[in-house]
Amino acid sequence: EAYFEVARDESKPFVIYSGDIKTTVLGTSFNVRAYDFNKVQVAVNSGKVKVENPSKELEPAFLNPNEMAICANEKIEFADFYSLFFFITN
């Protein structure tokens with residue numbers, strides 16, 4: 001699990017790989033939790049990130065502030081941001 005603060009630089013994208021999940025940073029602060037690569041959680045505090053699974057034919061998810069995605073069971077689902085407090089503190 002890691003919390004990132006990344007400055008926007010379109011010429012040098014910041015990409016995080018968590019198992020099959022690819023998170024592309026578009027200038028933001030966010031948290032990635034991937035203790036188990038079968039369930040990756042991405043929560044955005046500020047800015048925007050793109051979450052995708054390049055090995056599957058899934059539409060990428062674009063997350064804005066106060067949004068969270070859970071990538072599990074070969075799909076990407078959005079979660080209630082109120083879950084974020086639990087997500088970061090546990």
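This text gives an overview of the structure that appears in the document. Since the model is a prediction, treat every value here as computed from it, not as a measurement.

**Regarding the nonpolar core**
Thinking step 1. Residues Phe-30, Val-40, Val-42, Val-49, Val-51 and Leu-63 are the most contacted members of the largest nonpolar core, which totals 17 residues.
Thinking step 2. Not counting the four nearest positions on each side in its chain, Val-40 is found in contact with Ser-18, Ile-21, Val-32, Arg-33, Ala-34, Ala-69, Ile-70 and Cys-71.

**Points about the packing of aromatic side chains**
Thinking step 1. Going through the model one piece at a time under the given rule, you end up with two aromatic pairs.
Thinking step 2. The interplanar angle of 20° and the centroid separation of 5.2 Å between the aromatic rings of Phe-4 and Phe-30 together place this pair among those described as stacked. Taken together, the residues Phe-4 in strand β1 (residues 2-6) and Phe-30 in strand β3 (residues 21-36) connect sequence positions 26 residues apart.
Thinking step 3. For Phe-30, a relative accessible area of 0% corresponds to the buried category.
Thinking step 4. Site record: aromatic cluster; members linked through ring pairs are Phe-4, Phe-14 and Phe-30.

**With respect to the environment of Pro-65**
Thinking step 1. Structurally, the position occupied by Pro-65 is in the loop between β5 (61-63) and β6 (68-72).
Thinking step 2. A relative accessible area of 40% means that Pro-65 is categorised as partly exposed.
Thinking step 3. A sequence separation of 20 residues divides Pro-65 from Asn-45, and the C-alpha atoms of the two residues are 5.0 Å apart.
Thinking step 4. If we ignore the near neighbours within four places in the chain, the residues touching Pro-65 are Val-44, Asn-45, Ser-46 and Gly-47.

**Re the side chain of Arg-33**
Thinking step 1. Take Arg-33: it is sitting in strand β3.
Thinking step 2. Take Arg-33: its relative accessible area is 12%, and that puts it in the buried class.
Thinking step 3. In terms of polar contacts, Arg-33 uses its side chain to reach the side chain of Glu-1, at 3.2 Å.

**What about the pattern of salt bridges?**
Thinking step 1. For the coordinates displayed, the defined rule picks out three salt bridges.
Thinking step 2. A salt bridge links Arg-33 to Glu-1; the shortest N-O distance between them is 3.2 Å. Pair noted here: Arg-33 is in strand β3 and Glu-1 is in the segment before β1, with a separation of 32 residues, a long-range link.
Thinking step 3. Across the pair Glu-52 and Lys-50 runs a salt bridge whose closest N-O atoms are separated by 3.6 Å.

Calculation notes
Residues numbered from 1 in each chain as written. Predicted model: local features only at pLDDT ≥ 70, side-chain atom pairs only at ≥ 80, totals over all residues. Heavy atoms only, no water. Core = buried A, V, L, I, M, F, W, Y, C linked by side-chain atoms within 4.5 Å. Buried < 20%, exposed > 50% of the residue type's maximum accessible area, 1.4 Å probe, protein only. Contact = heavy atoms within 4.5 Å. Phe/Tyr/Trp six-rings, centres within 6.5 Å; stacked < 30°, edge-to-face > 60°. Helix = DSSP H or I, 4+ residues; strand = E, 2+ residues; numbered from the N terminus. Polar contact = N/O pair within 3.5 Å; in protein donor to acceptor, adjacent residues only side chain to side chain. Salt bridge = Lys/Arg side-chain N within 4 Å of Asp/Glu carboxyl O.

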